[in-house]
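Now for the letters of each chain:
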Amino acid sequence: MNYEDGIRSIGNASVQNTANKRPKQCLSRNENSHCLDEAQKTLEMALEVKKLSHLYSEEVRNLLEDIKKQLETMKQTHRDALKCKREAEDQIKEAKEFIAKEQLRMPNKWETMYEKLVDYKIKHRNCVVPQQCNTDPELSKLGRWVGNQRASYKQYINGGNSYLTPQRISKLDELGFVWDLKEYRWQLMFNDLIANRVKSGTWLVSCKDDTNRELANWCRTQRNQWHRHQ
């Protein structure tokens, strides 16, 4: 018997007892005994319903406790999320402030490095600056700056954030700046291959000659790549 059935049974028993109730002097011995039995049953049902009611109340209390715990967990998660959001916003704000300061310094710094690149071009006749030079830290610094220009240019053409402007790109183009280093090196090796063809009369490059070893390795790489794409 559940809680609702118990309440319903007590209600039905009470209605029936009320409907059958007559003055005590009109009740026979059998009727009086029957009434006592019905009263006993009603009392037992009431005790059972009381017990069930207690059990259900305990379940309800446990359920409420679980709900409270879940709510506290959700609130804590929400607070943690807000904290993370505030920390992220603070970091973004600091990053923007740092970028703004760097941008104020960038024109002078960029022009200084550009002038160094001009000097390198005059001396070496190209803008391909090595990014590492153990004997010349300043040359390594210029090489890293050149690499940063290439990375910024990729961001610029892809619509990302870049400190390169059309004016700066134009100045670098006029200087003969190499934007794609791989393409530049491929073109150099191809020019060497043409020169070797004119000199030897053949496209075959011997790897036995130390002067052509690099070109021979490049030709082998081109053949391997061609075969992979077939």
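Our subject is the structure that appears above.
Read on for an overview of the structure.

1. A look at the side chain of R168
Turning to step 1, where the next piece is worked out: Relative to the helices and strands, R168 is located in helix 4 (residues 166–175).
Turning to step 2, where the next piece is worked out: Of the buried charged residues, R168 lacks a salt bridge, with E111 as the closest side chain of opposite charge at 5.5 Å.

2. Describing the packing of aromatic side chains
Turning to step 1, where the next piece is worked out: Under the criterion given, the structure shown has six aromatic pairs.
Turning to step 2, where the next piece is worked out: Note on W110 and Y114: the rings are 5.4 Å apart at their centroids and 10° apart in plane angle, and the pair reads as stacked. Taken together, the residues W110 and Y114, both in helix 2 (residues 29–124) and four residues apart, mark about one turn of the helix. With respect to class, W110 is no different from Y114; both count as buried.
Turning to step 3, where the next piece is worked out: One aromatic cluster is present, built from ring pairs that chain together W110, Y114 and W145.
Turning to step 4, where the next piece is worked out: Directly above the aromatic system of Y114 lies the positively charged group of K171, at a separation of 4.5 Å from the ring centroid.

3. Here's the deal with the side chain of S152
Turning to step 1, where the next piece is worked out: Residue position: S152 is located in helix 3 (residues 137–157).
Turning to step 2, where the next piece is worked out: Sequence-distant contacts of S152, that is, excluding residues within four places in its chain, are made with S162, Y163 and L164.

4. Let's talk about unusual backbone geometry
Most of the time, phi is negative for any residue but glycine, and the peptide bond is trans.
Turning to step 1, where the next piece is worked out: Positive phi, close to 65°, is recorded for R125, a residue that is not glycine.
Turning to step 2, where the next piece is worked out: Relative to the helices and strands, R125 resides in the loop between helix 2 and helix 3.
Turning to step 3, where the next piece is worked out: A relative accessible area of 76% places R125 in the exposed class.

Conventions and cut-offs
- Residues numbered from 1 in each chain as written.
- Predicted model: local features only at pLDDT ≥ 70, side-chain atom pairs only at ≥ 80, totals over all residues.
- Heavy atoms only, no water.
- Helix = DSSP H or I, 4+ residues; strand = E, 2+ residues; numbered from the N terminus.
- Buried < 20%, exposed > 50% of the residue type's maximum accessible area, 1.4 Å probe, protein only.
- Lys, Arg positive; Asp, Glu negative; His and termini not counted.
- Salt bridge = Lys/Arg side-chain N within 4 Å of Asp/Glu carboxyl O.
- Phe/Tyr/Trp six-rings, centres within 6.5 Å; stacked < 30°, edge-to-face > 60°.
- Lys NZ or Arg CZ within 6 Å of the ring centre and 35° of its normal.
- Contact = heavy atoms within 4.5 Å.

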